[in-house]
Amino acid sequence: MVFSSWMSRLRSSSKPIYSKLRHSFSLKQTTSLQTSPAPEFASSEYVRKPFVSSWAGPLLPLALAVSAGSLAFQSCDNNGPSYCQAPNLDQTSKRIGGKDSTDFLVKGSYKKVPQELMEELQAICKENMTMDYDERYFHGKPQNSFHKAVNIPDVIVFPRSEEEVSKIVASCNKYKVPIVPYGGATSIEGHTLSPSGGVCIDMTLMKQVKSLNVKDMDVVVEPGIGWMELNEYLEPYGLFFPLDPGPGATIGGMCATRCSGSLAVRYGTMRENVINLKVVLANGEVVKTGSRARKSAAGYDLTRLMIGSEGTLGVITEVTLRLQKIPQHSVVAMCNFPSVKDAADVAIATMLSGIQVSRVELLDEVQVRAINLANGKNLPEAPTLMFEFIGTEAYSREQTLIVQKIAQEHNGSDFVFAEDAEAKKELWKIRKEALWACFAMEPNFEAMITDVCVPLSRLADLISRSKQELDSSSLVCTVIAHAGDGNFHTVVLFDPNQEEQRKEAERLNHFMVHAALDMEGTCTGEHGVGTGKMKYLEKELGMEALKTMKRIKAALDPNDIMNPGKLIPPHVCF
């Protein structure tokens, strides 16, 4: 049942590749996963079938830039706030997710959900809740992440309104039970884990467009709507929402992880494209973070505080977004290079030239080889840059010719471009299905994906150093970069049944993160922290910054029900 629910979200265009991989993504139960028992209150009359949207939104495994959409939480067993709580302790007393941790199994202290809370949830949600084991397992095991937790949610609820979310959160706060907001399930850093059980709030029924203001170029939406679904709605009005993370990501999750995508080089990240939010705080109160004005100097910027908070401060129930006009014309171009450094140098030179490209994507030769294998293509297996230029027809062509000259000055070859709609679609399909192609190379493997970002001037150096390390590894590794803003990913494929391979994948990830931090970069450009990146935050931000974050968390969520064990490392104390 769960597998078929997940399958319904996939794009039909991905089916040829997916058919080769189906067996590797079937529902599995491992010995390391301790499943929390269903509460005694559970009975068949309260089991709700999984919700499947009528819009068949895509969901690519391990989608890059993804973001979005799903937040997991860990319970709090004590009777009050704890400012130095470390429930994630392994047998050697090392804090999981803390400084220097390499453990990917997130532990938690399971606390049975009180029957009184279950009765309150039933009164609020009626038939829109389930304690079905398969559904709880599906929500508790991220489909796009190798991270695991010792427990799964005790119950899944499907609110239909902000009022229901407020009541659900208030009830959970009263009983100190952790909650797990859940959206598109495309996050990859363990955001959807439920290490201490609790209540998973699936937001997929809240997907309405509440108002569209064409003259103001903004739209008010509920958090469960997907970005691709939203753009289908906006297209007849000549407008679009410019961020494009992994297919299947929802707007609420995109806000929570502060995601971006390939168009961020032109339009910015979620931070720049959200005007205001409505958020349910841990006590059930609803806060609106700002007006609909394009700029404001009134008070603290609560909108930016919530964007990227990964559900540790509240549950997003409404989002007002900036929109853009659909470009008159676009040109998509590709060019090959003898090395990834040459390709990165061209990306940097293009940005310094002042040309306002909308996309600059880099694929290394291993990634191109995977694309050829998966799609029956015959592309030159060399480091490749992909560009998109937008504007008027004359301006787009002028940009293309300037970049072609820049590429030639950096050993570029086979420069090709397309203006025909179908040809452009085919070229971008290569990039969008890059992850599927990787799994065609090793269909039974899992993937560890890095997400580092550095100042643009350091990108070529970082990619060159990383590429040397990747090529010397025994694992299959590919490079995919949003080269226009210094953000690059590596896909490291490993056999989940081979502990040495997992450790090697972690070593490569560790190398690239620390290399980026040494270049004044970040451990995550767009995927978020979750559980996977907590161990790097002290080096990146410093202990005083982390203590400040924890003080904010303690003030807004004194019972620590909102995503405990995520984002803020457990060794941070005050």
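Being a predicted model, the structure only gives us computed values, none of them experimental.

> When you look at the overall build of the protein chain in this model, what are you seeing that I'm missing?
In terms of regular secondary structure, the protein chain is built from 19 helices and 21 strands. Looking at the protein chain residue by residue over its 574 residues, the buried ones come to 61%. Long-range pairs, those at least 24 residues apart, make up 77% of the contacts in the protein chain with a sequence separation of at least 6. Approximately 21,500 Å² of the protein chain is accessible, and the part contributed by carbon and sulfur atoms is 50%.

> Can you help me understand the pattern of salt bridges in this one?
Should the charged atoms of two oppositely charged side chains come close, the side chains can pair. Under the defined criterion, the tally for this structure stands at 29 salt bridges. Notably, a salt bridge pairs Glu-365 with Lys-467, separated by 3.0 Å at the nearest N-O pair. Highlighted residues: Glu-365 in helix 12 (residues 365–375) and Lys-467 in helix 16 (residues 459–471), separated in sequence by 102 residues. Overall, the relative accessible area of 19% leaves Glu-365 in the buried class.

> Help me out: how do you make sense of a nonpolar patch on the surface in this one?
Residues Val-214, Tyr-233 and Tyr-237 make up a contiguous nonpolar surface patch of roughly 270 Å² in combined accessible area. Its place among the elements puts Tyr-237 in the loop between helix 6 (227–234) and strand 9 (239–240). Exposure remark for Tyr-237: the relative accessible area of 40% places this residue in the partly exposed category.

> Can you help me understand the confidence of the model for the protein chain in this one?
Close inspection of predicted coordinates is inappropriate in any region flagged by low pLDDT. Counting all residues, the mean pLDDT for the protein chain is 83, and 81% of those residues have values of 70 or more. Counted against residues more than four places away or in other chains, residues 39–97, with its pLDDT under 50, gives 236 contacts.

> Looking at this structure, I do not really get the nonpolar core. What am I missing?
As a rule of thumb, soluble globular proteins bury nonpolar side chains together. Leu-362, Leu-385 and Phe-488 are the most contacted members of the largest nonpolar core, which has 55 residues in total. Broken down by element, the residue count for this core peaks at 7 residues, all from helix 17 (residues 499–518). Contact partners of Leu-385, with chain neighbours within four places excluded, come to Ala-333, Met-334, Cys-335, Phe-337, Ala-343, Val-346, Ala-347, Val-360, Glu-361, Leu-362 and Ala-483.

About the thresholds
Residues numbered from 1 in each chain as written. Predicted model: local features only at pLDDT ≥ 70, side-chain atom pairs only at ≥ 80, totals over all residues. Heavy atoms only, no water. Helix = DSSP H or I, 4+ residues; strand = E, 2+ residues; numbered from the N terminus. Buried < 20%, exposed > 50% of the residue type's maximum accessible area, 1.4 Å probe, protein only. Contact = heavy atoms within 4.5 Å. Areas by Shrake-Rupley, 256 points an atom, 1.4 Å probe, with all protein chains shown as cover. Salt bridge = Lys/Arg side-chain N within 4 Å of Asp/Glu carboxyl O. Patch = residues over 30% accessible without salt bridge, like charges linked within 9 Å, V, L, I, M, F, W, Y side chains within 5 Å. pLDDT = per-residue confidence, 0-100. Core = buried A, V, L, I, M, F, W, Y, C linked by side-chain atoms within 4.5 Å.

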